[in-house]
Amino acid sequence: MENLTTDVINNILGIKESYQASDTLMKILFDKEKREKVFREFLEYEKNLDFDWFHIYFEEEHANKLKFAQDFTPDSISKIVSRIVAETARENNSMTLDTAAGTGSLTIQKWNDDRLKVSPFDYRPSNYFYRCEELSDRALPFLVFNLMVRGMNAIVIHGDALNREAKQVYFIQNDEDDHMMFSNLNVMPHSLDVEKEFDIRHWLEEAIDHKESSLFIERGE
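Summarised in this report is the structure supplied together with it.

Conventions we followed
- Residues numbered from 1 in each chain as written.
- Predicted model: local features only at pLDDT ≥ 70, side-chain atom pairs only at ≥ 80, totals over all residues.
- Heavy atoms only, no water.
- Helix = DSSP H or I, 4+ residues; strand = E, 2+ residues; numbered from the N terminus.
- Buried < 20%, exposed > 50% of the residue type's maximum accessible area, 1.4 Å probe, protein only.
- Contact = heavy atoms within 4.5 Å.
- Areas by Shrake-Rupley, 256 points an atom, 1.4 Å probe, with all protein chains shown as cover.
- Salt bridge = Lys/Arg side-chain N within 4 Å of Asp/Glu carboxyl O.
- 1 Å grid on protein atoms, 1.4 Å probe; cavity = no way out; pocket = protein on both sides within 12 Å on 5 of 7 lines; lining within 4 Å.
- Points joined across faces, edges and corners; volume = space filled by probe spheres on them.
- Nonpolar A, V, L, I, M, F, W, Y, C, P; charged D, E, K, R; others polar.
- Axes fitted to C-alpha atoms, helices over the stretch in contact; angles between N-to-C directions.
- Parallel < 35°, antiparallel > 145°, perpendicular 65-115°, else oblique.
- Left-handed = near helix turned anticlockwise from the far one by under 90°.
- Core = buried A, V, L, I, M, F, W, Y, C linked by side-chain atoms within 4.5 Å.

1. Quick word on the overall build of the chain
Next, step 1: Tallying secondary structure elements over the chain gives 10 helices and 6 strands in all.
Next, step 2: Counting over 221 residues, the chain shows a buried share of 48%.
Next, step 3: The long-range fraction of contacts in the chain, counting pairs at least 24 apart against all pairs at least 6 apart in sequence, stands at 65%.
Next, step 4: Taken as a whole, the chain presents about 12100 Å² of accessible surface, with 50% of it coming from carbon and sulfur.

This is the structure:
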């Protein structure tokens, strides 16, 4: 079967040119029926979830090396760093954070290490939580896609990790707590509680009202 080449990815997303991918993918992510159809189409080409499918595609087609000096961590390095971080987190009893997450390579490796520690019968997404921060508008949709297609529970802050200015905070949740299911997408309100929880000092965009998870809706209303 053909791999996830640039042509295959663009075809699944329904675009002719790769520069259209980020905006198109972000729109797809906000449509549950459409995005899960896209998830399944990607899985027809690649069923191995333990690496970032978009690493090469994004670096070749979208990385802004001149303006942001964007280079993405190779999978081999991601595996090593993930294991070092995992050991540190265990020793300090703390949650890991992926700052400047890019398209999610490090977080994917950490997630893969976590799920391999237990049997498939005992693994529950609710036992693990990931936090990512990413500035790039181009990388953000691929990062969110990677977390959701793997059924993770995560917070994604779209903003500057240094000055704490943010556009949105995304809450990704596997409502079924089933590793065979995709996650749902929620956007956190621009409230004082959210600002305090995630150290957001200034919002760069208007709030987006988008909630899919029933538990999130109950708590948010």
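2. Digging into unusual backbone geometry
Next, step 1: Positive phi values are uncommon outside glycine, yet Arg-164 reaches one of about 65°.
Next, step 2: Checked against the element boundaries, Arg-164 lands in the loop between strand 3 (154-159) and strand 4 (165-173).
Next, step 3: Notably, Asp-199 is not glycine yet its phi reads approximately 55°, a positive angle.
Next, step 4: Tracing the backbone shows Asp-199 in the loop between helix 9 (192-198) and strand 6 (202-203).

3. Some thoughts on the environment of His-202
Next, step 1: On the secondary structure map, His-202 appears in strand 6.
Next, step 2: A residue is classified by how much of its surface remains accessible, and His-202, at 41% relative accessible area, is partly exposed.
Next, step 3: Sequence separation between His-202 and Lys-167 is 35 residues; the distance between their C-alpha atoms is 8.6 Å.

4. Some details on the pattern of salt bridges
Next, step 1: The full count for this structure, using the stated rule, is 11 salt bridges.
Next, step 2: Across the pair Lys-110 and Asp-114 runs a salt bridge, and its minimum N-O distance is 2.8 Å. Here Lys-110 and its partner Asp-114 are both found in helix 7 (residues 105-116), 4 residues apart, which amounts to about one turn of the helix.
Next, step 3: A residue is classified by how much of its surface remains accessible, and Lys-110, at 13% relative accessible area, is buried.
Next, step 4: When the shortest N-O distance is used, the salt bridge between Asp-137 and Lys-167 registers 2.8 Å.

5. Details of the layout of surface pockets
Next, step 1: Within this model, the second largest pocket holds a volume of roughly 340 Å³.
Next, step 2: With 3 residues, helix 7 is the largest single contributor of residues to the lining of the second largest pocket.
Next, step 3: A class-by-class count of the residues in the lining of the second largest pocket yields 11 nonpolar, 3 polar and 2 charged.

6. Looking at the packing of helix 2 (residues 21-29) against helix 8 (residues 140-149)
Next, step 1: Close contact between helix 2 and helix 8 brings their axes to 8 Å; oriented N to C, the two are set at 40°. In terms of orientation, helix 2 and helix 8 fall into the oblique class. Note that helix 2 runs across helix 8; the crossing there is left-handed. Along its contact with helix 2, which presents Ala-21, Ser-22, Leu-25, Met-26 and Leu-29, the element helix 8 presents Leu-140, Pro-141, Phe-142, Val-144, Phe-145 and Met-148.
Next, step 2: Split into classes, the residues belonging to the contact of helix 2 with helix 8 amount to 10 nonpolar, 1 polar and no charged.

7. Some points on helix 8
Next, step 1: Extensive coverage of helix 8 is indicated by the burial of 10 of its 10 residues.
Next, step 2: Remark: Gly-151 follows helix 8 within two positions and exhibits a positive phi of approximately 70°.

8. Focus on the nonpolar core
Next, step 1: Leu-13, Leu-29, Phe-42, Phe-145 and Val-156 are the most contacted members of the largest nonpolar core, which has 43 residues in total.
Next, step 2: Excluding its chain neighbours within four sequence positions, the residues that come into contact with Phe-42 are Leu-4, Ile-9, Ile-12, Leu-13, Trp-53, Phe-54 and Phe-145.
Next, step 3: Formed by 10 residues, the second largest nonpolar core is a distinct cluster that contains Ile-155, Ile-157, Ala-166 and Phe-198.

9. With respect to helix 1 (residues 6-13)
Next, step 1: The set of residues buried in helix 1 consists of Val-8, Ile-9, Asn-10, Ile-12 and Leu-13.
Next, step 2: Each element contacted by the buried residues of helix 1 is listed here: helix 2, helix 3 (32-45) and helix 4 (55-61).

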